[in-house]
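Summary of structural features
Spelled out from the first residue to the last, the chains are:
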Amino acid sequence: MEIIIMITIRKYTEQDAKPTWLLFFNTIRNINKQDYNSAQLKAWAPESMDLFIWNKRMSDIEPFIAEIEGKIVGYADLQADGLIDHFFCDQFYQRQGVGKALMMHIFQTSRAKNIKYFFALVSITAKPFFEHFGFKVKKEESVELGEQTLICFQMEKRVDTEVRRMEML
């Protein structure tokens, strides 16, 4: 028997500041620990965050919020130039279709905005997920956070206009 999970995608609101911060923090601290050491994780996701600053950041990037039964289980954004700046899935909802739903929403949104090129700086942990959706590594990069250096990957995906035309039929 297959269980179908309904994932709702909506726009970010100011009330989402605390739940998205906690999701960001817990995902990094619990999922990314397989690829980064504890000092790196603490630099990336510090113990506390000023929610005013976090809300400003989230409001600026206007992420899409993924919910299951009213609970925020993921979020991601798509900027006008094709940048995916944030892409996070709750630690307890990994491999349940949340990331796929967010990526499909990004692709759908890109069609309406005529975005033909996506790029992101992704963690070691997220690299296989992005590769699954056709992103290619452009280059490995070292990112400095405080006194820590994190290895990340510049990834990109170009959308062939002929493929896009076929998708619209």
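Here the structure is a predicted model, which means the values were calculated and not measured.

Section: the overall build of the chain
For the chain, the count of helices and strands is 6 helices and 7 strands. Tracing the chain from N to C terminus, the helices and strands come up as β-α-α-α-β-β-β-α-β-α-β-β-α. Against the compact-globule benchmark of 15 Å for 169 residues, the chain has a radius of gyration of 16 Å, which places it among compact chains. Projected onto its principal axes, the C-alpha positions of the chain cover 50 × 40 × 40 Å. Counting across all 169 residues of the chain, residues that qualify as buried make up 41%. Contacts in the chain between residues at least 24 apart in sequence constitute 63% of all its contacts with a sequence separation of at least 6. In the form shown here, the chain has an accessible surface area of approximately 10,100 Å², with 53% of it arising from carbon and sulfur atoms.

Considering helix H1 (residues 17–30)
Relative to the 20 Å expected for 14 residues at 1.5 Å per residue, H1 spans 20 Å between its end C-alpha atoms, a close match to the ideal helical length. Listed in full, the buried residues belonging to H1 are Ala-17, Thr-20, Trp-21, Leu-23, Phe-24, Phe-25, Thr-27, Ile-28 and Arg-29. The secondary structure elements touched by the buried residues of H1 are helix H2 (38–44), helix H3 (51–61), strand S2 (64–68), strand S3 (71–76) and strand S4 (87–89).

Observations regarding the pattern of salt bridges
Pairing is possible between side chains that carry opposite charge, provided their charged atoms lie close to one another. Taken as a whole, this structure holds 7 salt bridges when the rule is applied. Between Asp-90 and Lys-71 there is a salt bridge whose closest N-O contact spans 4.0 Å. Taken as a pair, Asp-90 in the loop between S4 and helix H4 (98–113) and Lys-71 in strand S3 lie far apart in primary sequence, 19 residues in all. One salt-bridge network, held together by shared partners, links Arg-10, Asp-16 and Glu-67.

Observations regarding the packing of aromatic side chains
Aromatic ring pairs: the centre-centre distance and the angle between the two ring planes describe each pair. Under the criterion given, the structure shown has 16 aromatic pairs. Taking 5.0 Å as the distance between ring centres and 70 degrees as the angle between the ring planes, the aromatic pair formed by Phe-24 and Phe-88 counts as edge-to-face. Taken together, the residues Phe-24 in helix H1 and Phe-88 in strand S4 connect sequence positions 64 residues apart. Neither residue differs from the other here; Phe-24 and Phe-88 are each classed as buried.

Here we look at the side chain of His-86
Mapped onto the fold, His-86 is located in the loop between S3 and S4. The exposure class of His-86 is buried, given its relative accessible area of 9%. A polar contact of 2.9 Å, which involves the side chain of His-86, links it to the side chain of Tyr-75. If we skip the residues at most four places from it in the chain, His-86 touches Phe-24, Trp-54, Arg-57, Met-58, Ile-61, Tyr-75, Ala-76 and Asp-77.

Brief notes about a nonpolar patch on the surface
A cluster of nonpolar side chains, namely Met-49, Phe-52 and Ile-53, defines an oily patch on the protein surface of about 330 Å² accessible area. Here Phe-52 is to be found in helix H3.

Here's the deal with the packing of H1 against H3
Where H1 contacts H3, the two axes come as close as 9 Å, and the packing angle between them is 90 degrees. With respect to each other, H1 and H3 are oriented roughly perpendicular. Listed contacts from H3 to Ala-17, Lys-18, Thr-20, Trp-21 and Phe-24 of H1 are Leu-51, Trp-54, Asn-55 and Met-58. The class makeup of the residues in the contact of H1 with H3 is 6 nonpolar, 2 polar and 1 charged.

Some remarks on the sheet that holds strand S7 (residues 148–158)
As summarised here, the arrangement of the 3 strands in space is S5-S7-S6, forming an open sheet in which the pairing is antiparallel. Among the strands making up the open sheet, the edge pair consists of strand S5 (117–123) and strand S6 (136–145). Within the sheet, the average angular offset between the axes of one strand and its neighbour, ignoring direction, is 25 degrees. Bridge analysis of S6 against S7 gives 9 bridges, and the strand direction is antiparallel. Counted as the bridge partner of Glu-144 is Thr-149 from S7.

Each value, and the rule that gives it
Residues numbered from 1 in each chain as written. Predicted model: local features only at pLDDT ≥ 70, side-chain atom pairs only at ≥ 80, totals over all residues. Heavy atoms only, no water. Helix = DSSP H or I, 4+ residues; strand = E, 2+ residues; numbered from the N terminus. Rg over C-alpha atoms; globule rule 2.2 N^0.38 Å. Buried < 20%, exposed > 50% of the residue type's maximum accessible area, 1.4 Å probe, protein only. Contact = heavy atoms within 4.5 Å. Areas by Shrake-Rupley, 256 points an atom, 1.4 Å probe, with all protein chains shown as cover. Expected span 1.5 Å × (residues − 1). Salt bridge = Lys/Arg side-chain N within 4 Å of Asp/Glu carboxyl O. Phe/Tyr/Trp six-rings, centres within 6.5 Å; stacked < 30°, edge-to-face > 60°. Polar contact = N/O pair within 3.5 Å; in protein donor to acceptor, adjacent residues only side chain to side chain. Patch = residues over 30% accessible without salt bridge, like charges linked within 9 Å, V, L, I, M, F, W, Y side chains within 5 Å. Axes fitted to C-alpha atoms, helices over the stretch in contact; angles between N-to-C directions. Parallel < 35°, antiparallel > 145°, perpendicular 65-115°, else oblique. Nonpolar A, V, L, I, M, F, W, Y, C, P; charged D, E, K, R; others polar. Pairing = 2+ DSSP bridges.

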